[in-house]
Amino acid sequence: MSIIKTEENSNQDQNPRITWEGCSVLLDINDGDRVLFARLTTGSKIKIGNKNCSLQSLIGCPFGSSFQVEDGKEGPVLSRVLQSTEGTNLQIMEESRDNRRLVDNNSAQSLTGEDIDEMRRKGASGDEIVKALIANSATFEKKTAFSQEKYLLKKQKKYAPRVLLRRPFARSICEAYFKKHAEKIGFLRVDTLSLLLSFANVSAYSDVLVVDMLDGIITGAVAERLGGTGYVCNTHCGVAPYPINIVRMFNFNNDICQRIVHSSVSELHSSENGPSPSTDPLEDACNIRSQPNEQILSPSAQHAVSMEENEDGNMEIMTDVSASPKVVKGTKAGRKAPVEAIKIWKANGFSSLIIAAPNLDAWDTVKEVLPLLSYSASFAIYHQYLQPLATCMHNLQVEKMAIGLQISEPWLREYQVLPSRTHPLMQMSATGGYILSGTRISGSDQTQAK
Amino acid sequence: MQITSLRIDLKYLTMFPFDSAKKLSFSRCISDGDLVIVYEKHDNMKAVKVSESGILQNRFGVFKHSDWIGKPFGSKVFSNKGGFVYLLAPTAELWTLVLSHRTQILYVADISFVVMYLEIVPGCLVLESGTGSGSLTTSLARAIAPNGHVYTFDFHEQRADSARDDFERTGLSSLVTVGVRDIQGEGFPDEFLGRADSVFLDLPQPWLAIPSVSKMLKQDGVMCSFSPCIEQVQRSCETLRSDFTDIKTFEVLLHTYEVREGNLWSWQDNEGGSMSLKSCKKRQRSTNGLENASSLTIMAKRNGESRGHTGYLTFARLKCTV
Ligand SMILES: C[S@@+](CC[C@H](N)C(=O)[O-])C[C@H]1O[C@@H](n2cnc3c(N)ncnc32)[C@H](O)[C@@H]1O
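Below, the structure is looked at part by part. Not measured: the values here are computed from a predicted model. (Residues numbered from 1 in each chain as written. Chains lettered and ligands numbered in written order. Predicted model: local features only at pLDDT ≥ 70, side-chain atom pairs only at ≥ 80, totals over all residues. Heavy atoms only, no water.)

1. Remarks on the overall build of chain B
Next up, step 1: Along its length, chain B carries ten helices and 14 strands.
Next up, step 2: The 322 residues of chain B split such that 56% are buried.
Next up, step 3: Within chain B, contacts between residues at least 6 apart in sequence are counted, and of these 64% link residues at least 24 apart.
Next up, step 4: Carbon and sulfur atoms make up 49% of the accessible area of chain B, which amounts to about 13900 Å² in all. (Helix = DSSP H or I, 4+ residues; strand = E, 2+ residues; numbered from the N terminus. Buried < 20%, exposed > 50% of the residue type's maximum accessible area, 1.4 Å probe, protein only. Contact = heavy atoms within 4.5 Å. Areas by Shrake-Rupley, 256 points an atom, 1.4 Å probe, with all protein chains shown as cover.)

Structure (structure tokens):
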């Protein structure tokens, strides 16, 4: 059975808007309270509240659909909830009540924990429990419409949690990480990521060089834009390529996976074809330097996608392909760059460059990789701190290696928009880091001067 | 290992290499008929179509196009007076900086966020209105290439024509179709019913077009509306609530920084304390850096002038009802 399924999986005509067995999904529980990645297999389960729910029922459902926990014959299952096209109950125009008569004590709710457990035993659904809680609340009617709505949402989240099925895109993956584990992606905010792709002019058929030390978020976002054309080559110093675990959360088909490669910087520089001799001084220097870096980075390197349930952090990552042997992926993303491709890059240069390496000196890195670009190619360097980019920009100017240099700091603010209640959200991310962008130019001033 | 796929003979360099034949052209040399971006300074650029007999005249003197032909993109070229400019291959970002403003346009911060948040990837079918000056359209085209398509509509015939000419010039005609249509009055054409992956609106009364957008989008597809005023956002959101979910409104801006190297003096060595930065420089030169009490520091500061507001971006996802 698994063989047939696998063939289906590799079918390029598969509707990407409907899940399939083995596909990677993003599960949004209770409106972003918890976000987790999962691979849909017949055996995979997630824990919601105290229930272990099978994910099997999600296979074959359209992305965007919602589910609720229900008790099935063989334990809790997720069953589909159809979204109504009626507006939600948020259309409150004018408020006539206020909360002056609201007394806050714990006697407002007459339903006890035992009552609720009893209802559960009798098979009441989460929605029914929420209804009962409202009926037995002495204060619900007195609340303002706004707080009624808040109360309802709170109870619904607790007793009838919703699971929303999302397509993993660079957007949703970056947002999910930023929300719960920003340190693992170097505090890269989604608007900053989007700007890196623009400033580096990432487009189909381009050959994009990246120094991605953010566990593959850059590599994945670039590969998504390439759509199975061109290449994204993650270059590294020393012998070991940087981990790109996040790439596995995208639903990349074989064509796209093929285009995700790595190569050591010395190999890209070497003048002869084939692997460079280990006596290469450049590589030796790299190896020495890469050791302390690896130490600094070890927490992020260790986070390597695993099946383990992580109860304190809210984002559990469950995409370990090897742990679900039923899913046989044809091509693994991130193979070594093919010799023919390296040959072409040596002749033509890369057409774009993105660097996101929190622990490397920006100038030191740029000095080495910028010459690998073709003239007129665009580049973008991300850093959480301003100073390394300022120094780098100054040096690029002095060395006349690039023009159109600019350091930008993205700013993002979200708004709550509701009738008579529109305002910026209280929570705002203070920084999205900094980007140094520019265009590589031909270094020699040529002979025609004057 | 397949490195090349399509082969199309190309006359001109296009904005970006949307097939592999053009990819090779990225690193090839400038030739007759190419569109180049002439870079004088970061805030002074111009799009020029290269022709054998063409000349460019600016404050640096006269440049002959014939001198440019055969040089790689990214080269520095000189005028009769020894002045110089750089010749760059066009990109969507550069185009946004040089295009002729027939309307207000979107800039890189809004554009980048829109493309990412609309989940636009190669192969997508994207609807847009109004086309305006085509600044956003150019980036939408880059994101859907090589096999997707952007259908963009403006009710202003002349603007639609100019946009079409621009897409011809930048080599995007095979990725973009410009239509003349009143989208607020008539909605998007029925041929796109249920076929759009994403829809973008930059219209004065977007709420009038939203009912049509919900018919055009595929299930779970995303739309975005750009509006400068909060009242427009308010009305759009009210309309969105019936068919859409995940409604979010953002504002994005970009602050830029100025970097320079300067002398900062040690307090003790700065006798009198009245020394200006200029005189410091002189003294440093005379002592030739030896035993110098000042140290060169690279400093960054936010640019004084920057855009304080462009507009609000409202995103929404079509509810999944099947
Ligand atoms: C601000 S411009 C769009 C700019 C564009 N986003 C850009 O980046 O270049 C708005 C455009 O919408 C067009 N427009 C206004 N009302 C329209 C309608 N009802 N149907 C179609 N286009 C309309 C205008 O002609 C104008 O060109």
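Structure's up, so let's keep going.
2. Observations concerning the interface of chain B and chain A
Next up, step 1: Across the boundary between the two partners, chain B contributes 77 residues, which contact 83 residues of chain A.
Next up, step 2: Interface area for chain B against chain A, summed over the two sides, is near 7300 Å², with a carbon-plus-sulfur share of 58%.
Next up, step 3: Applying the counting rule to chain B against chain A returns six salt bridges.
Next up, step 4: Measuring nitrogen to oxygen at the nearest pair gives 3.9 Å for the salt bridge that ties B:E119 to A:R171.
Next up, step 5: Run the count over chain B and chain A and you get 23 residue pairs in polar contact (both at pLDDT 80 or more).
Next up, step 6: In terms of residue class, the side of chain B that touches chain A is made up of 40 nonpolar, 17 polar and 20 charged.
Next up, step 7: Pairing of strand β15 (residues 402-416) of chain A with strand β12 (residues 244-264) of chain B, which is carried by nine bridges, proceeds in the antiparallel orientation. (Buried area = accessible area lost by both parts, 1.4 Å probe. Salt bridge = Lys/Arg side-chain N within 4 Å of Asp/Glu carboxyl O. Polar contact = N/O pair within 3.5 Å; in protein donor to acceptor, adjacent residues only side chain to side chain. Nonpolar A, V, L, I, M, F, W, Y, C, P; charged D, E, K, R; others polar. Pairing = 2+ DSSP bridges.)

3. Looking at the packing of aromatic side chains
Next up, step 1: Scanning all chains against the criterion turns up 18 aromatic pairs over all chains.
Next up, step 2: These aromatic residues form a ring-pair network of at least three members: B:Y39, B:F78, B:F84 and B:Y86.
Next up, step 3: Here A:R171 stacks its cationic end above the ring of B:Y117, 3.7 Å away from the centre of that ring.
Next up, step 4: Over the ring of B:Y107 we find B:R307, and its NZ or CZ is 3.8 Å from the ring centre. (Phe/Tyr/Trp six-rings, centres within 6.5 Å; stacked < 30°, edge-to-face > 60°. Lys NZ or Arg CZ within 6 Å of the ring centre and 35° of its normal.)

4. Overview of unusual backbone geometry
Next up, step 1: Residue B:S129 is joined to B:G130 through a cis peptide bond whose omega torsion reads -10°.
Next up, step 2: Within the secondary structure layout, B:G130 lies in the loop between β7 (125-129) and α5 (135-144).
Next up, step 3: The omega torsion of the bond from B:A145 to B:P146 falls at 5°, within 30 degrees of zero and hence cis.
Next up, step 4: Along the chain, B:P146 turns up in the loop between α5 and β8 (149-154).
Next up, step 5: A positive phi angle, near 55°, is found at A:K400, a position not held by glycine.

5. Here's the deal with helix α3 (residues 126-135) of chain A
All names here are of chain A.
Next up, step 1: Buried residues of α3: G126, I129, V130, A132 and L133, and no others. Taken down its axis, α3 places every buried residue within 160° of arc, on the same side. For α3, exposure combined with an orientation more than 90 degrees from the buried face picks out K131 and A135. (Arc of directions from axis to C-beta.)

6. A word on the site of the ligand
All names here are of chain B.
Next up, step 1: As a matter of local geometry, the ligand sits amid 23 residues, with D154, R159, D182, I183 and D202 nearest to it.
Next up, step 2: F155 is positioned such that a nitrogen or oxygen atom in its backbone is 3.2 Å from a nitrogen atom of the ligand.
Next up, step 3: The separation between a nitrogen atom of the ligand and a polar main-chain atom of I183 is 2.9 Å.
Next up, step 4: Expressed as a share of its isolated accessible area of 600 Å², the protein-covered part of the ligand is 92%.
Next up, step 5: A per-class count over the shell around the ligand returns seven nonpolar, eleven polar and five charged. (Near = heavy atom within 4 Å.)

7. A few points about helix α5 (residues 170-181) of chain A
Next up, step 1: Spanning twelve residues, α5(A) covers 15 Å between terminal C-alpha atoms, matching the ideal 16 Å at 1.5 Å per step.
Next up, step 2: Considered for burial, the residues of α5(A) that qualify are A:A170, A:R171, A:S172, A:I173, A:C174, A:A176, A:Y177 and A:H181. (Expected span 1.5 Å × (residues − 1).)

8. Some thoughts on the side chain of A:S24
Next up, step 1: Position of A:S24 relative to the elements: it lies in strand β1 (residues 24-29).
Next up, step 2: Within the local environment of A:S24, its side chain forms a polar contact with the backbone oxygen of A:M249, the two atoms lying 2.7 Å apart.

9. Concerning the packing of helix α6 (residues 190-199) of chain A against helix α7 (residues 217-226) of chain A
All names here are of chain A.
Next up, step 1: Contact geometry for α6 and α7: axes closest at 11 Å, N-to-C directions at 55°. Relative to α7, α6 is oriented oblique. The handedness of the crossing between α6 and α7 is right-handed. Contacts from L193, L196 and L197 of α6 reach α7 at I217, I218, A221, V222 and R225.
Next up, step 2: Residues that form the contact of α6 with α7 fall into these classes: seven nonpolar, no polar and one charged. (Axes fitted to C-alpha atoms, helices over the stretch in contact; angles between N-to-C directions. Parallel < 35°, antiparallel > 145°, perpendicular 65-115°, else oblique. Left-handed = near helix turned anticlockwise from the far one by under 90°.)

10. Some points on the sheet that holds strand β1 (residues 35-41) of chain B
Residues and elements named next belong to chain B.
Next up, step 1: Sheet architecture is open: four strands sit in the order β2-β1-β6-β5, paired in antiparallel fashion. A strand with exactly one partner marks an edge of an open sheet, and here the two such strands are β2 (44-49) and β5 (75-78). With strand direction ignored, the average angle separating the axes of adjacent strands in the sheet is 35°.
Next up, step 2: Judged from the three bridges that link them, β1 and strand β6 (residues 84-88) form a sheet pairing that is antiparallel. Its bridge partner being in β6, Y39 is matched across the sheet by Y86.

11. A look at the environment of B:M116
Next up, step 1: Looking at the element boundaries, B:M116 is found in helix α4 (residues 108-117).
Next up, step 2: Judged by relative accessible area, which is 3%, B:M116 ranks as buried.
Next up, step 3: Separated by 27 residues in sequence, B:M116 and B:A143 have C-alpha atoms that sit 9.2 Å apart.
Next up, step 4: If near-sequence neighbours (up to four positions away) are discounted, B:M116 is found in contact with A:A170, A:R171, A:V190, A:L193, A:S194, A:L197 and A:R225.

12. What about the pairing of strand β9 (residues 176-180) of chain B?
All names here are of chain B.
Next up, step 1: Relative to β9, β8 is paired through five bridges, and the arrangement is parallel. Bridge pairing in β9 places V150 opposite V176.
Next up, step 2: For the segment spanning β8, helix α6 (residues 157-169) and β9, crossover handedness is right-handed. (Right-handed = clockwise from strand over helix to strand, strands pointing away.)

13. A few points about the nonpolar core
If you look at soluble globular proteins, the nonpolar side chains tend to sit buried side by side.
Next up, step 1: Within the largest apolar cluster, 84 residues are counted, with the highest numbers of intra-cluster contacts made by A:I217, A:I218 and A:V222.
Next up, step 2: A per-element tally of this core places α4(B) first, with eight residues.
Next up, step 3: Not counting residues up to four positions away in its chain, the partners in contact with A:I218 are A:L188, A:L193, A:L196, A:V210, A:D212, A:I354 and A:A356.
Next up, step 4: Formed by 44 residues, the second largest nonpolar core is a distinct cluster that contains A:Y242, A:V369, A:L405 and A:L436. (Core = buried A, V, L, I, M, F, W, Y, C linked by side-chain atoms within 4.5 Å.)

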